[in-house]
Amino acid sequence: MAAGRLDALEQQALRRRLAATARSDDGVAARDGRVLTSFCCNDYLGLSQHPAVKQAAHQAIDAFGAGAGASRLVTGNHPLYEDLERRLAALKETEAALVFGSGYLANLAIPPALAGTGDLIVADELVHASMHAGIRASRAEVRFFPHNDADACGRVLADERASFRHCLIMTEGVFSMDGDCAPLAALSEIADARDAWLMTDDAHGLGVLGEGRGSAAAAGVSDRVPLQMGTLSKAVGSYGGYLCASRAVIDLMINRARSLIYATGLPPAAVAASSAALDLVANDRRLVAAPMEKASRFCAALGLPEPESPIVPLIVGAAERALDASAALAEQGFLVTAIRPPTVPDGTARLRFTFQATHKDEDVDRLAAAVRETGLAG
Ligand SMILES: *Cc1c(COP(=O)(O)O)cnc(C)c1O
């Protein structure tokens, strides 16, 4: 049965395989015996390899050990969490913050903790798989609106809000596979007018937009997005997820978020590394601005529209074409994995380029030349 299903995936060029990939501190990735310059990591600031971040992790291991030993509500709530949560709340300008085991685990638990039977969730159709998982787990009624169409979201609430008790609007600050930003000002107005919560997944905004504060700050609505979740695994370079919100919401999560209550706390090294990384995010403006500069350079070289984030997709359509284009770039020394359905809608397989502060301008220029050679752009 499993073999048959794998064959079916293979036929559609949708079978996925793990490839051992060793990343190192000079921005290259070793895969299949080749050394490639990666343009598909989410390590936007290169902080997973930063000396200060690595040193914080080392010290935490030496002082406190390799693992947390239990869930946060039992004995896994190391004092290091307090410092990290204070930094997150300060950066996001919220009352409080809560760190989860991962971004996926945060998204799995937040919707069910806030909404259930008799409540309404209204979400952008392109939200991340982890948000879909949380929506399904909540058992609330759900409506999806066309991507980034705030007017359509407004119409759903105008028509249906009155029939439900609580309402939660969900979107991504920066869309992970498209690189565009949500219309947060318009969505926050709708949420205010209709007595709904607005929740953003800022996995790709923290550390790169709004001087590092993320997408809500970039849109000038930091104080109007009451639920800002994200991950510590991308620009922050470590591991874990978070929610920044009011003290009351955070206290409710501690009592209701199942993936926090029933899962082991993070290794102390991951928590310490995140704090060290956030220190850099909060204080190094030039570092934080760099990924956008690299993305702009790439887009200008290929005549693509000015990017809204360091994520630049080139949609090629068929899954097979995306795999071929990825292989062609690997021949030129670049690692850019193909993104295929169901991660993206059918017929929109793509190459997804991500730009990092650590990329050299020459590498960006060589990449643009290689992309032009594939005929995909430029
Ligand atoms: C990566 C990602 C997540 C999951 O975060 P992890 O910490 O990797 O589990 C959630 N949402 C979006 C939009 C993401 O890109």
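Shown above is the structure to which this text applies.
This structure is a prediction, so every number in the text was calculated from the model and none was measured.

With respect to helix α3 (residues 80-92)
Turning to step 1, where the next piece is worked out: With 13 residues, α3 ought to run about 18 Å at 1.5 Å a step, and its terminal C-alpha atoms sit 19 Å apart, in line with that.
Turning to step 2, where the next piece is worked out: Of the positions making up α3, those classed as buried are Y81, L84, E85, L88, A89, L91 and K92. The buried side chains of α3 occupy one side of the element, clustering within an arc of 165° when seen end-on. Turned more than 90 degrees off the buried face of α3, the exposed positions are E82, R86 and A90.
Turning to step 3, where the next piece is worked out: Close packing links the buried residues of α3 with β4 (96-100), β9 (227-231), β10 (241-245) and α11 (268-283).
Turning to step 4, where the next piece is worked out: E93 sits one or two positions beyond α3 and adopts a positive phi of about 55°.

Thoughts on the sheet that holds strand β3 (residues 34-38)
Turning to step 1, where the next piece is worked out: A sheet is described by the order of its strands in space; here 4 strands give the open sequence β1-β2-β3-β12, paired in mixed fashion. Edge positions in the open sheet fall to β1 (21-23) and β12 (334-335), since each of these has one partner strand only.

Focus on the nonpolar core
Turning to step 1, where the next piece is worked out: If you look at the biggest cluster of nonpolar residues, it comprises 39 residues, and the most contacted ones within it are L45, L47 and L88.
Turning to step 2, where the next piece is worked out: Taken together, the elements giving at least two residues each to this core come down to α2 (51-64), α3, β4, β10, α11 and α12 (285-302).
Turning to step 3, where the next piece is worked out: Considering every element that reaches this core, the biggest residue donor is α11, with 9 residues.
Turning to step 4, where the next piece is worked out: Residue contributions to this core reach at least three from each of two domains, namely domain 1 (16-44 + 310-374) and domain 2 (51-283).

Digging into the sheet that holds β9
Turning to step 1, where the next piece is worked out: Strand order in this open sheet of 7 strands is β4-β10-β9-β8-β7-β5-β6, and the pairing throughout is mixed. Sheet topology places β4 and β6 (141-145) at the edges, where each strand pairs with a single neighbour. Across the sheet, the mean angle separating the axes of adjacent strands is 20° when strand polarity is ignored.
Turning to step 2, where the next piece is worked out: Bridge count between strand β5 (residues 120-124) and β6: 5 bridges; the pairing is parallel. Directly across from D124, in β6, lies its bridge partner F145.
Turning to step 3, where the next piece is worked out: Sheet contacts for α3: β4, β9 and β10; angle to β4, the most-contacted strand, approximately 125°.

A closer look at the site of the ligand
Turning to step 1, where the next piece is worked out: Around the ligand sit 15 residues, and of these G103, D201, H204, T231 and K234 come closest.
Turning to step 2, where the next piece is worked out: Take Y104: an N or O atom from its main chain is 2.9 Å from an oxygen atom of the ligand.
Turning to step 3, where the next piece is worked out: Between the ligand and T231, the relevant distance is 2.7 Å, taken from an oxygen atom to a side-chain nitrogen or oxygen of the residue.
Turning to step 4, where the next piece is worked out: Considering the ligand on its own, with 380 Å² of exposed area, one finds that the protein chains cover 87% of that surface.
Turning to step 5, where the next piece is worked out: For the shell around the ligand, the element with the most residues is helix α4 (residues 103-114), which contributes 3 residues.
Turning to step 6, where the next piece is worked out: Residue composition of the shell around the ligand, by class: 2 nonpolar, 10 polar and 3 charged.

Thoughts on the packing of helix α6 (residues 150-160) against helix α7 (residues 184-193)
Turning to step 1, where the next piece is worked out: Packing of α6 against α7 brings their axes to within 9 Å, and their N-to-C directions diverge by 10°. Here α6 lies roughly parallel to α7, going by the angle between them. Facing A150, C153, G154 and L157 of α6, the residues of α7 in contact are A186, L187 and I190.
Turning to step 2, where the next piece is worked out: Taken together, the residues of the contact of α6 with α7 break down into 6 nonpolar, 1 polar and no charged.

A look at the side chain of S188
Turning to step 1, where the next piece is worked out: Along the polypeptide, S188 turns up in helix α7.
Turning to step 2, where the next piece is worked out: When residues no more than four places from it in sequence are discounted, the contact partners of S188 are L198, V221 and R224.

What to know about unusual backbone geometry
Turning to step 1, where the next piece is worked out: Geometrically, the link from P341 to P342 is a cis peptide bond, its omega value of 5° lying close to zero.
Turning to step 2, where the next piece is worked out: Tracing the sequence through the fold places P342 in the loop between β13 (338-339) and β14 (349-354).
Turning to step 3, where the next piece is worked out: Within the chain, R139 stands out as a residue other than glycine whose phi angle is a positive 65°.
Turning to step 4, where the next piece is worked out: Positionally, R139 belongs in the loop between α5 (129-138) and β6.

Observations regarding the packing of aromatic side chains
Turning to step 1, where the next piece is worked out: In this structure the tally under the stated criterion is 4 aromatic pairs.
Turning to step 2, where the next piece is worked out: Residues F298 and F353 carry aromatic rings whose centres are separated by 5.0 Å and whose planes lie at 40° to one another, so their mutual orientation is tilted. A residue pair is termed long-range when its members are at least 10 positions apart, and F298 in helix α12 and F353 in strand β14 qualify at 55 residues. Taken as a pair, F298 and F353 share a single burial class, namely buried.
Turning to step 3, where the next piece is worked out: The rings of F39, F298, F334, F353 and F355 are connected pair by pair, giving a single aromatic cluster.

Structural notes on α12
Turning to step 1, where the next piece is worked out: Compared with an ideal rise of 1.5 Å per residue, which puts 18 residues at 26 Å, α12 spans 27 Å between its outermost C-alpha atoms and is within 8% of the ideal.
Turning to step 2, where the next piece is worked out: Within α12, the axis deviates most sharply at P291, by approximately 30°.
Turning to step 3, where the next piece is worked out: Where α12 is concerned, the buried positions are L287, V288, A290, P291, M292, K294, A295, S296, F298, C299 and L302.
Turning to step 4, where the next piece is worked out: Tucked inside the fold, the buried residues of α12 contact α11, β11 (311-317), β14 and α14 (361-374).
Turning to step 5, where the next piece is worked out: In the stretch just after α12, G303 is the one whose phi turns positive, near 70°.

Criteria and thresholds
- Residues numbered from 1 in each chain as written.
- Predicted model: local features only at pLDDT ≥ 70, side-chain atom pairs only at ≥ 80, totals over all residues.
- Heavy atoms only, no water.
- Helix = DSSP H or I, 4+ residues; strand = E, 2+ residues; numbered from the N terminus.
- Expected span 1.5 Å × (residues − 1).
- Buried < 20%, exposed > 50% of the residue type's maximum accessible area, 1.4 Å probe, protein only.
- Arc of directions from axis to C-beta.
- Contact = heavy atoms within 4.5 Å.
- Pairing = 2+ DSSP bridges.
- Core = buried A, V, L, I, M, F, W, Y, C linked by side-chain atoms within 4.5 Å.
- Domains from an automatic or database assignment.
- Axes fitted to C-alpha atoms, helices over the stretch in contact; angles between N-to-C directions.
- Near = heavy atom within 4 Å.
- Polar contact = N/O pair within 3.5 Å; in protein donor to acceptor, adjacent residues only side chain to side chain.
- Areas by Shrake-Rupley, 256 points an atom, 1.4 Å probe, with all protein chains shown as cover.
- Nonpolar A, V, L, I, M, F, W, Y, C, P; charged D, E, K, R; others polar.
- Parallel < 35°, antiparallel > 145°, perpendicular 65-115°, else oblique.
- Phe/Tyr/Trp six-rings, centres within 6.5 Å; stacked < 30°, edge-to-face > 60°.
- Bend = angle between axes of the 7 residues up to and from the residue.

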